[in-house]
Amino acid sequence: MPFAVDRNTIKLLRIPFSLFLAPLFLFAYSQAEAVVHRQALWSFLIIHFLVYPASNGYNSYVDRDEDSIGGLEKPPLPTRDLFYLTIFLDVAATVLALVFVNTLFAFCLVLYIGASRAYSSRQVRLKKYPIIGFLTVVIFQGAFTYYMSIAGISGGALRLDTANIFVLLGCSFQIAGAYPLTQVYQHEQDLCDGVVTLSYKLGYIGTFAFTAAMFVLCNVFYYLYFTTRELGMIFYIVQVFFIPIVIWFGIWFSLVWKDRRQANFRNTMRMNWVAAICMNSCFIVLIIISRIPLSYLSSIETAVPEYGYTQETLTDFYLRSTDDLNTRRKIKIVARKTGIEKRYSVIPDFDKTPEEFEFFNRDATLLPEPTLSRRMQLYQKHATALSKKAIGQIPGFENIKEDITHLITVTCTGLFAPGLDIELMRELRLNPAIERSSVNFMGCNAAILALKNADAICKSHANAKVLVVCTELCSIHFQKRYNDDYLLSNMIFGDGAAALLVSSQPDDRYLHPVKIDGFNSMVLHNGYSDMAWQLSETGFIMNLSSYVPDLIRENIGPMLKAVGLKPEDYRHWAVHPGGKRIVDDFAMALELDKCLLGPTYDVLKNYGNMSSPTVLFVLKEVLEKAQPEHLGNRIFAAAFGPGLSIETMQLQYVQA
């Protein structure tokens, strides 16, 4: 049947009133784990410009109000055209939901429309029953609307875990507080229509007291929700926006206490406007906060060369290179103090006789030593293969490599061009348009510097997935030198590689997603020459003085204090094992139980110091030992490099 849409019919739809009903949708948008933006937009338009107006219009058509109603102080009388228009809007909403959103959302809409019609219709008239009518509104405009909004925004059903049950209860108590207050000026009009509302039952003062109690319960469940999700600070942000609502509520209550006539339409609308502006603003801010890209670390995988040597074997190799008894004694002393039992190398010579050497000169004296060119040839031969070995351990790499947007390679033990980044792109058949960068010659803390770059990328690109690869062949720079620096470096360094992914979205690689929280740096200029190296004709010349542990011990505490970090806030530690004394002094400086540095000591014992990937070996061990009760725990990572520079990184186990 054709119908006319005149000005009064449109007015009775009370479309602007949808502003007062928008907070729960915006709240759902801010909390949705995934957002399908096109579907979210359609969901918002369907709910607020079709379903809510249709519900308002149908209620006006049935009630034929002559006095003020929500959003209209002087409503016009409805015609039958309004009824047909509401039917058209509901049908259009359902069809559009099926076509442009999803079936679950459309099904929820049908249930909502059915409940709305049952609430107002003369045949069912749920609204005339104070408790049943109240519960219908509370459930369908509260928890159900949130659930329906999530279905439209994310494309799937809300997972009913503990946190989400809390938020559903919070939403319903929010409506439970607001709804009776919107009826406080309509008592006489409702009675004339045979409707007894909960607000009428409670009376004017009782309605205000009931509203206050419901909002207290709403806040309790919102607090439980946000703290369960480790988002306690968000709860306090919400409270700031609620302050004007509480103030106007208190003012209005005092006015009604003195004069019941103050429970009128205009004051009710003022309450609605204050609440709508504050709550919509609040949830828009939450949307902005929640949609700021974050970065998550996952899939740390490691690799070592095929040749593994005990510390005794490597010590013996070094001893055989000299006949000087004093030097041999020093080598043995240093070897015993390293805390290392095994190291790996791409060089096959360390357990062979001179006649079998493939890399070193076939002479017990190791002279003449391999040239820098020879060492770089060995690096180029093995670096890509070892990197691929680590990358290949990433679960499902072949299926996700097309999604990798950025590649960062890290190395300080060799260089060639085209470099390791391009070699990996070619060997792994990565997207030729992938964005790539390299962190070269920056030493043992370069992995954290690379992760800092990856973190910045993910926070500026919502769909970023960064592959970070750290590969070092330290053993190719073994040199026949016997000063204190080389006695230490020849006895602690080994070869290894680590690969990991950093992305702007969490995954399920570990028991809990690992969010990157921040970074801090400090350069100790008084240690400028205590950790350094230079190129020479026979390889890299290493400076690694015994003062490095002292510098770290004296400065790590003040560094953390300066940036407001407290060691007691961190339950898990991934510290670069630059040497046993460095680790010991780090624990001493921060008064840490050495058990907290167990993964660091384990990596030092089983692999030695592999320069940049070493801290990732430690972090991998930490993350793989995560337990359910570790949710929310913080992780502190630290590494040390030339300069002397200290790089730290903070991470946290967060809710999936």
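Structure shown above.
Residues numbered from 1 in each chain as written. Predicted model: local features only at pLDDT ≥ 70, side-chain atom pairs only at ≥ 80, totals over all residues. Heavy atoms only, no water.

What follows is about the overall build of the protein chain. When you go through the protein chain residue by residue, the secondary structure sums to 23 helices and 13 strands. Projected onto the principal axes, the alpha-carbon positions of the protein chain cover approximately 110 × 50 × 35 Å. Taking all 656 residues of the protein chain together, the buried fraction comes to 57%. Taking as baseline every contact in the protein chain between residues at least 6 positions apart, the subset at least 24 positions apart corresponds to 78%. The averaged location of the 59 negative side-chain charges in the protein chain is 6 Å from the averaged location of its 59 positive side-chain charges. (Helix = DSSP H or I, 4+ residues; strand = E, 2+ residues; numbered from the N terminus. Buried < 20%, exposed > 50% of the residue type's maximum accessible area, 1.4 Å probe, protein only. Contact = heavy atoms within 4.5 Å. Lys, Arg positive; Asp, Glu negative; His and termini not counted. Charge placed at Lys NZ, Arg CZ, Asp CG, Glu CD.)

Once that is clear, we can look at a nonpolar patch on the surface. On the surface, Ile87, Val91, Val95, Leu98 and Val99 cluster together into a nonpolar patch covering about 420 Å² of accessible area. Among the structural elements, Leu98 can be located in helix α5 (residues 80-101). (Patch = residues over 30% accessible without salt bridge, like charges linked within 9 Å, V, L, I, M, F, W, Y side chains within 5 Å. Areas by Shrake-Rupley, 256 points an atom, 1.4 Å probe, with all protein chains shown as cover. Salt bridge = Lys/Arg side-chain N within 4 Å of Asp/Glu carboxyl O.)

By the secondary structure assignment, Arg229 is in the loop between α10 (198-228) and α11 (232-258). Filtering out sequence-adjacent residues up to four positions away, Arg229 remains in contact with Gln31, Ala163 and Gln655.

By size, the foremost hydrophobic cluster in this structure holds 90 residues, and its most contacted members are Phe27, Ile46, Phe105, Leu109, Tyr146, Tyr222 and Phe226. By residue number, the principal contributor to this core is helix α12 (residues 265-291), which donates eleven residues. If we skip the residues at most four places from it in the chain, Phe105 touches Ser43, Ile46, Ile47, Ala97, Met148, Ala151 and Gly152. (Core = buried A, V, L, I, M, F, W, Y, C linked by side-chain atoms within 4.5 Å.)

What follows concerns the side chain of Thr338. Relative to the helices and strands, Thr338 is located in the loop between α14 (325-337) and β3 (342-345). There is a polar contact of 3.2 Å between the side chain of Thr338 and the side chain of Gln311. Residues contacting Thr338, with those up to four places away along its chain left out, are Gln311, Met491, Ile492, Lys580 and Leu604. (Polar contact = N/O pair within 3.5 Å; in protein donor to acceptor, adjacent residues only side chain to side chain.)

Interhelical geometry of helix α3 (residues 23-31) versus helix α7 (residues 130-154) gives an angle of 50 degrees and a closest axis separation of 9 Å. Put simply, α3 runs oblique to α7. Read as a crossing pair, α3 and α7 show a hand that is right-handed. The residues of α7 that touch α3, namely those facing Leu24, Phe25, Phe27, Ala28, Tyr29 and Gln31, are Gln141, Gly142, Thr145, Tyr146, Ser149, Ile150 and Ile153. Along the lines of polarity and charge, the residues of the contact of α3 with α7 split into eight nonpolar, five polar and no charged. (Axes fitted to C-alpha atoms, helices over the stretch in contact; angles between N-to-C directions. Parallel < 35°, antiparallel > 145°, perpendicular 65-115°, else oblique. Left-handed = near helix turned anticlockwise from the far one by under 90°. Nonpolar A, V, L, I, M, F, W, Y, C, P; charged D, E, K, R; others polar.)

This part takes up the pattern of salt bridges. Evaluation of the coordinates by the stated rule reveals 25 salt bridges. Across the pair Glu647 and Lys452 runs a salt bridge whose closest N-O atoms are separated by 3.5 Å. With Glu647 in strand β13 (residues 645-653) and Lys452 in helix α18 (residues 446-460), this residue pair connects regions lying 195 residues apart in the sequence. Within this structure, Glu301, Arg509, Lys620 and Glu624 form a network of salt bridges that share partners.

Alignment of strand β1 (residues 296-303) against strand β8 (residues 514-523), held across two bridges, turns out to be antiparallel. Across the sheet, Leu297 pairs through a bridge with Val514, a residue of β8. In this sheet, β13 lies alongside β8 in antiparallel orientation, the contact comprising nine bridges. Bridge pairing in β13 links Lys515 to Gln652. (Pairing = 2+ DSSP bridges.)

It is worth spelling out the packing of aromatic side chains at this point. Summed over all chains, the structure comprises 46 aromatic pairs. With a centroid separation of 5.0 Å and an interplanar angle of 65 degrees, the aromatic rings of Tyr607 and Phe617 are classed as edge-to-face. With a gap of ten residues between them, Tyr607 in helix α22 (residues 598-607) and Phe617 in helix α23 (residues 614-623) connect regions that are remote in the sequence. Owing to a relative accessible area of 24%, Tyr607 belongs among the partly exposed residues under this scheme. A relative accessible area of 5% places Phe617 in the buried class. Taken together, Tyr309, Phe317, Tyr318, Phe350, Phe357, Phe359, Phe360, Phe478 and Tyr482 form an aromatic cluster joined through their ring pairs. Directly above the aromatic system of Tyr58 lies the positively charged group of Arg117, at a separation of 4.1 Å from the ring centroid. (Phe/Tyr/Trp six-rings, centres within 6.5 Å; stacked < 30°, edge-to-face > 60°. Lys NZ or Arg CZ within 6 Å of the ring centre and 35° of its normal.)

What follows deals with the sheet that holds strand β11 (residues 572-575). Strand order in this open sheet of nine strands is β5-β4-β6-β7-β1-β8-β13-β12-β11, and the pairing throughout is mixed. The open sheet terminates on both sides in strands that have one partner only, identified here as β5 (435-440) and β11. Pairs of neighbouring strands in the sheet enclose a mean axial angle of 25 degrees, with direction left out of account. Two elements, strand β4 (residues 406-411) and strand β6 (residues 465-473), share five bridges in a ladder whose sense is parallel. For Leu407, the partnering residue across the bridge sits in β6 and is Leu467. Where α18 meets the sheet, its contacts fall on β1, β4, β5, β6, β7 (495-503), β8, β12 (634-641) and β13, and the angle it forms with β4 comes to roughly 170 degrees. In the packing of α23 onto the sheet, contacts are made with β1, β6, β7, β8, β11, β12 and β13, and the angle to β1 comes to roughly 115 degrees.

The next point concerns helix α15 (residues 372-391). Here α15 spans 28 Å end to end across 20 residues, near enough to the 28 Å set by a 1.5 Å rise per residue. Along α15, the helix axis deviates most sharply at His382, where the bend reaches about 30 degrees. (Expected span 1.5 Å × (residues − 1). Bend = angle between axes of the 7 residues up to and from the residue.)

Further remarks concern the environment of Tyr318. Within the secondary structure, Tyr318 sits in helix α13 (residues 311-319). According to the relative accessible area criterion, Tyr318 is buried, its value standing at 0%. Residues Tyr318 and Asn490 lie 172 residues apart in sequence; the distance between their C-alpha atoms is 8.1 Å.

Time to look at the packing of α3 against α10. Between α3 and α10, the least distance of the axes is 14 Å, while the angle of their chain directions is 15 degrees. Comparing their axes, α10 and α3 come out roughly parallel. Here α3 and α10 pass one another in a crossing that is left-handed. Side by side, α3 and α10 meet where Leu24, Phe27 and Gln31 of the first sit next to Tyr222, Tyr225 and Phe226 of the second.

Of all eight residues that make up β12, seven are buried, and the element is covered over most of its length. Here β11 pairs with β12 via four bridges, running parallel. If you follow Ala574 over to β12, its bridge partner there is Ala637. Taking the residues that link successive antiparallel strands as the turn, the β12-β13 hairpin has three residues, and the phi of Gly643 there is positive, at about 135 degrees.

With that out of the way, let us pick up the state of the cysteines. Taken as a whole and assessed by the stated rule, the structure comprises zero disulfides. Cysteine Cys108 remains unbridged, with the sulfur of Cys171 as its closest cysteine sulfur at 14 Å. Left unpaired, Cys171 is separated from the closest cysteine sulfur, that of Cys218, by 7.5 Å. Judged by its relative accessible area of 0%, Cys171 is buried. (Disulfide = S-S within 2.5 Å.)

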